[in-house]
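Examining the three-dimensional arrangement
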Amino acid sequence: QVQLVESGGGLVQAGGSLRLSCTASGNIFKINVMAWHRQAPGKKREVVASITSGGSTNYADSVKGRFTISRDNAKNTVSLQMNSLKPEDTAVYYCVISATSSFYWGKGTQVTVSS
């Protein structure tokens, strides 16, 4: 069984910063891609950023230049540094990993950006 535990969400004013972290534990042989998704009220879930085991990254256009994803393969952790936050970044953020041909999701952490 695989567990993902997220932390770091909260309330911040526009222009502020937050750092999300996620640690994977359990029966994991090798994690391929680690990613952050988000879902805002009334909107579809979207991929915010992803990072491969080799360190290649991808970002949604809406967060490029503001968010940075990173991972520590030895600790099975992934982080998302979010700067210059905007009210439209308000959403529940989910940690997602792909490992051994399966996808695993965290329970989500709320990020609220006030204007």
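Refer to the structure printed above.
Quick notes on the rules
Residues numbered from 1 in each chain as written. Predicted model: local features only at pLDDT ≥ 70, side-chain atom pairs only at ≥ 80, totals over all residues. Heavy atoms only, no water. Pairing = 2+ DSSP bridges. Helix = DSSP H or I, 4+ residues; strand = E, 2+ residues; numbered from the N terminus. Buried < 20%, exposed > 50% of the residue type's maximum accessible area, 1.4 Å probe, protein only. Polar contact = N/O pair within 3.5 Å; in protein donor to acceptor, adjacent residues only side chain to side chain.

Another point: the pairing of strand 4 (residues 31-39). Working note: regular strand, side chains alternate between the two faces of the sheet. Both strand 4 and strand 9 (residues 91-99) contribute to a ladder of seven bridges, which runs antiparallel. Among the inter-strand pairings, glutamine 39 is bridged to a residue of strand 9, identified as valine 92. In this sheet, strand 5 (residues 46-51) lies alongside strand 4 in antiparallel orientation, the contact comprising five bridges. Along strand 5, the bridge assignment pairs histidine 37 with valine 47. Connecting the antiparallel pair strand 4 and strand 5 is a turn made up of six residues, with glycine 42 showing a positive phi of about 75°.

Attention now goes to the side chain of aspartate 89. Turning to its location among the elements, aspartate 89 is positioned in the loop between strand 8 (77-82) and strand 9. When its relative accessible area of 1% is taken as the criterion, aspartate 89 is described as buried. A distance of 3.0 Å separates a polar atom in the side chain of aspartate 89 from a polar atom in the side chain of arginine 38.

A few words on the pairing of strand 10 (residues 102-105). In this structure, strand 9 lies alongside strand 10, joined through four bridges in antiparallel fashion. Paired with alanine 99 across the two strands is serine 102, which belongs to strand 10. With antiparallel pairing between neighbouring strands as the criterion, strand 9 and strand 10 make up a hairpin whose turn holds two residues, including threonine 100 at a positive phi of roughly 45°.

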